[in-house]
Amino acid sequence: MAVERTFSMIKPDATRRNLTGAITKMFEDAGFSVIASKRVWMSRREAEGFYAVHKERPFFGELVESMCSGPTIVQVLQGENAIARNREIMGATNPSDAAEGTIRKAFALSIGENSVHGSDAPETASQEIAYWFSETEIVG
Ligand code: CMP
């Protein structure tokens, strides 16, 4: 296994409930290092650009609305096999399918307000990290 970087977001439904620390602790307890982190309030344009792959989906409007509704914490996580492991730690997209002990099982409100996002593959991790961070903001 290799040390990887993945992109993570703590979404507005979670920052609104003061879950930034609790969720970040779950990443750190799993052995990840948070090597970049900042709090952003996304513009509509930024949310539409970030989630452009979903623009034809029926939930796109709701997704953009939700991501623009409050602050998001954007982060880069580093660790062994970070992309796949982060997806395990987050749990299934729909919290009603998420396993016990996962972030979404513990905190997500619904499939739309599911508290966290994580990259699904190495290519998307690189793209998503570059969407939010410059190289000098990432301190490994
Ligand atoms: P995320 O991992 O950020 O990737 C895309 C997001 O779209 C997903 O989490 C959910 O928040 C949202 N999403 C996916 N499917 C649905 C759905 N059926 N209804 C509402 N939102 C959805």
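Residues numbered from 1 in each chain as written. Predicted model: local features only at pLDDT ≥ 70, side-chain atom pairs only at ≥ 80, totals over all residues. Heavy atoms only, no water.

Contacts to the ligand come from K11, Y51, H54, F59, E62, L63, T93, R104, I111, G112, N114 and H117. Between an oxygen atom of the ligand and a main-chain N or O atom of G112, the distance comes to 3.4 Å. The contact in question runs from an oxygen atom of the ligand to an N or O atom on the side chain of N114, over 3.2 Å. Calculation on the ligand without its partners gives an accessible area of 460 Å², and the protein chains cover 81% of this total. Here the shell around the ligand is composed, by residue class, of four nonpolar, five polar and three charged. (Near = heavy atom within 4 Å. Polar contact = N/O pair within 3.5 Å; in protein donor to acceptor, adjacent residues only side chain to side chain. Areas by Shrake-Rupley, 256 points an atom, 1.4 Å probe, with all protein chains shown as cover. Nonpolar A, V, L, I, M, F, W, Y, C, P; charged D, E, K, R; others polar.)

Applying the stated criterion across every chain, the model contains six salt bridges. A salt bridge links K25 to D29, with the shortest nitrogen-to-oxygen separation between them at 2.7 Å. Of this pair, K25 and D29 both sit in helix α2 (residues 20-29), separated by four residues, roughly a single helical turn. According to the relative accessible area criterion, K25 is partly exposed, its value standing at 49%. (Salt bridge = Lys/Arg side-chain N within 4 Å of Asp/Glu carboxyl O. Helix = DSSP H or I, 4+ residues; strand = E, 2+ residues; numbered from the N terminus. Buried < 20%, exposed > 50% of the residue type's maximum accessible area, 1.4 Å probe, protein only.)

Attention now moves to the side chain of T15. By secondary structure assignment, the location of T15 is in helix α1 (residues 12-15). Taking the relative accessible area as the measure of exposure, T15 reaches 7% and is therefore buried. At a separation of 3.3 Å, a polar atom in the side chain of T15 contacts the main-chain carbonyl oxygen of P12. Apart from residues lying up to four places away in sequence, T15 is in contact with I10, T20, R39, P71, T72 and I73. (Contact = heavy atoms within 4.5 Å.)

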